[in-house]
Amino acid sequence: MTHKPGSKRLIAVAAAFALLATACSGSDSASEPTTTTTATTVATTTTTGPRYRATIRRTENNVPHILADDMGGLGFGYGYAFGEDDLCSLADVIVQVNSERAKYHGPSELPTDVVYKAIDLMGRARAGFDALDPDLQDLIRGYAAGYNAYLEKVGPDGVSGWCKGAPWVRPIDEYDLAAYYKSLTLRASLDQFIDMVYQAAPPDAGADTNASASANTDIGAMESALVAASGGFDRMAGADAAPLASNAWAVGPDRTLDGTTMLMGNPHFPWQGALRFYEVQLTVPGRINVYGASLLGVPVVNIGFNDAVAWSHTVSAGNRFTAYTLDLVPGDPTSYVYGDETRKMTSRTVDVEVLDPETGVVSTEQHTIWFSQYGPVLDFPGIGWTTERALTVRDANADNDAIIPQFLDMNTAGSMDEFIDAHRRNQGLPWVNTIAASADGRIWYADTSATPNLSAEALVAWQAKVDAGGLEKLALARHVILLDGSDPLYEWVDEPGARDPGLVPFDKMPQLERRDFLFNANNSYWIANPAEPLTGYSPLHGLAETRLSPRARMNATQLGVENGDSGADGLYTLDELAASALGDRVFTAELLVDEVLARCEQAGDAAPPSATAGCLVLSRWDRHVNLDSRGAVVWREFISRLGNDVWGSSFDPSDPIGTPSGLAAAVGGDDPILTALGTAVDIVRTAGFALDAPLGEVQFADRNGERIPIHGGTGAEGVTNIVVGGSNNTTTEPGIDLGKPVAEDTDLTPDGYSVAYGTSFIYALEFTADGPVAKALLTYGETGDPTSPYFSDQTKRFSNKDWRTVEFTEAAIADDQSLKTYEVTG
């Protein structure tokens, strides 16, 4: 792994660091951070001097800028700063990856504890860590040491946030972190099946086998389970029925006013739990200088920029696993047919400690997990594990130890070529697309996520089964590739250049460079720019020539010249790009409101009175989801009743942005449009809101009891700025109370729409002649402590669309009016 020094800007950083080091020398007494630029030590040192040393500069909104002279010190400073702000979430997931949640929280946590232990998550993580580059090992060890130094300083009872005083808050080590990073790679694959793996057990070999497995298949139960399990698939694939989604735009020199390149990143992620972002700058002069956001506990920047390149990610629509049916050997349900032979399943029995919540007693339970040659066996609802058939999965990220090395290489890339080579060399991204722009005038899209590699013959045979209907077609409708595991044809194919055997190599992954714009909004690789569709790739990367979501169509519309957001000249400025990112346009409204109004007019007195009232409100609506938009609530409830059934025309692959279009026609005397509108009006009234209530009075974020109005909308509406409700399924932290909806298929409660998911770390950047210039917001702030002023400060800024100028240079940091600087050692 090679890391080249940065530009002249890093020389200036080095000089600044030398000055700071001089100012810091001789100070080794513990004290709290100050509001001056005098550095102080907040951890004790040994007689031989500290192993780790870093300087933390906190600027506006408490963003930490970590400065160190080596990678270990950088990790230490980052871990310490993070511990100050958000220790609880990381502490909790460390308990999980050690299979100890049930020990502290009871039987509900058993499935993940058992499965993680059965797959030997910690053992795999240890082996992966020990093989890392020494610099990266130092970074991760330093992060753990910094976290521990802060914890030692305040003690578990002094930790801020929801885990204060919890018995499971403890020091961590590098292997704990490595296991957590490995668990992140499994979120779009194994994690979706945890309960099914946990519950899988072989049937009695003597059970009745007279009825065929296909006849015994409960299609309804299977479909329900696919919907439930594919909650992760839908979120990972950006389905508009579920909240996890993202937008990313790169604008090339042909579409910017000054011939520069620009980047906008807008990941839609939870506002609670472990999948939040933390904003930071990481600097070792001459080695790394990167700004952006990391998922909690990650020691490198996941989305951000340096002097040479900027990037963002969106969750990929591709497949991170394949599911397999296995034909079992009669009389032996733990053996299966494979070609002309039979093979035995294997099993692993693990011990897990479990708390009895009523008695407080911790006991040990044993559980057995079964494996085929592909991976864990599932008890899939509707199919189960019968005497004739079982289901199993193979995970493309099972052996992925390259995620952190890849991000470090991306963080330190000195050009677009080096950035692309980071993808080629590591292939460590588990489940995301990448959109990037570089200072040398290039923009790039790629889906380099880990993807199973099937032969052309296997794909043809699988497609024939899909076309014939049955389980394969049903599974595909929920983004699952289901194969016949008893047929060797469906084995993954090894090719040179792949990260691991059986994966698609880098050179066969979807990629595109252009000079105008590129985007992704969780649509498949097919449309990164409507002018140049990508085709010819494996369907496991996602399906081509398929309908785009309204949100993806809105993204493309905003970036286009006609009806776009780049002004009369069609050329973006940075201010225009930022304004577009939070422009809160509604794609479905722009296409359909006038037709809905015409439908009301045509119906006249025959229209339901509630629909007529709805049309009156919509006639005055600005067709945005701004705080002062009146009618937006009615439209959201209307479009939620219909979803894709609102459209009158079918999808045309030759016009992916313009189709489908028009309103669904009335059938006989029943007009689904007016019926849905009337129902929407009734729902809004039932919730107690006026039909023309401004959105800001209805949609809000509860930040420690303070109700902050929030703009934005949903994917079904075709809004790019996603803000919705959501649950916390990543930590044991109490979730945000969303209230009880007033009707099915709505998030509207008598309190309104409570936001818990959506736009998170959002930034817009331009590579100018003087270097990168950026604006950013972290919508939920830098801390998980509700009592901190930094828990709601940026939520208020987001509410007001008050972008913060990113302080990236040493001069900008030094000029910050709220600068706090302190040294940490350990």
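**Q** Explain the state of the cysteines to me, please; I cannot follow it from the model alone.
**A** If you walk through the whole model with that rule in mind, you get 2 disulfides. There is a disulfide in this structure between C88 and C163, and the S-S distance comes to 2.1 Å. Taking the torsion about the sulfur-sulfur bond, which here is approximately -80°, the covalent link between C88 and C163 counts as left-handed. Of this pair, C88 sits in helix α2 (residues 71–97) while C163 sits in the loop between α6 (134–154) and α7 (174–185), and the two are 75 residues apart along the sequence.

**Q** I'm lost on the confidence of the model for the protein in this one. Help?
**A** Residues of the protein with pLDDT of at least 70 account for 89%, and the chain-wide mean is 91. Predicted confidence for residues 208–215 stays below pLDDT 50, and this span has 10 contacts to residues more than four positions away or in other chains. In this model residues 231–243 is a low-confidence stretch, pLDDT under 50, and it forms 44 contacts with partners more than four residues away in sequence or in other chains.

**Q** Even after reading the chapter, I still don't get the sheet that holds strand β21 (residues 699–703), so can you show me in this structure?
**A** Hydrogen bonding along the main chain pairs the strands of a sheet, whether they run parallel or antiparallel. As summarised here, the arrangement of the 3 strands in space is β22-β21-β24, forming an open sheet in which the pairing is mixed. Looking at strand neighbours, the two that pair on one side only are β22 (706–709) and β24 (753–754), the edges of this open sheet. Strand direction decides the pairing type here: β21 and β24, joined by 2 bridges, are parallel. Across the sheet, Q699 pairs through a bridge with Y753, a residue of β24.

**Q** Is there a simple way to explain the environment of G735 in this structure?
**A** Checked against the element boundaries, G735 lands in the loop between β23 (723–724) and β24. Given a relative accessible area of 47%, G735 falls into the partly exposed group. Measuring from C-alpha to C-alpha, the distance between G735 and A756 comes to 8.9 Å, with 21 residues separating the pair along the chain.

Cut-offs and rules
Residues numbered from 1 in each chain as written. Predicted model: local features only at pLDDT ≥ 70, side-chain atom pairs only at ≥ 80, totals over all residues. Heavy atoms only, no water. Disulfide = S-S within 2.5 Å. Helix = DSSP H or I, 4+ residues; strand = E, 2+ residues; numbered from the N terminus. pLDDT = per-residue confidence, 0-100. Contact = heavy atoms within 4.5 Å. Pairing = 2+ DSSP bridges. Buried < 20%, exposed > 50% of the residue type's maximum accessible area, 1.4 Å probe, protein only.

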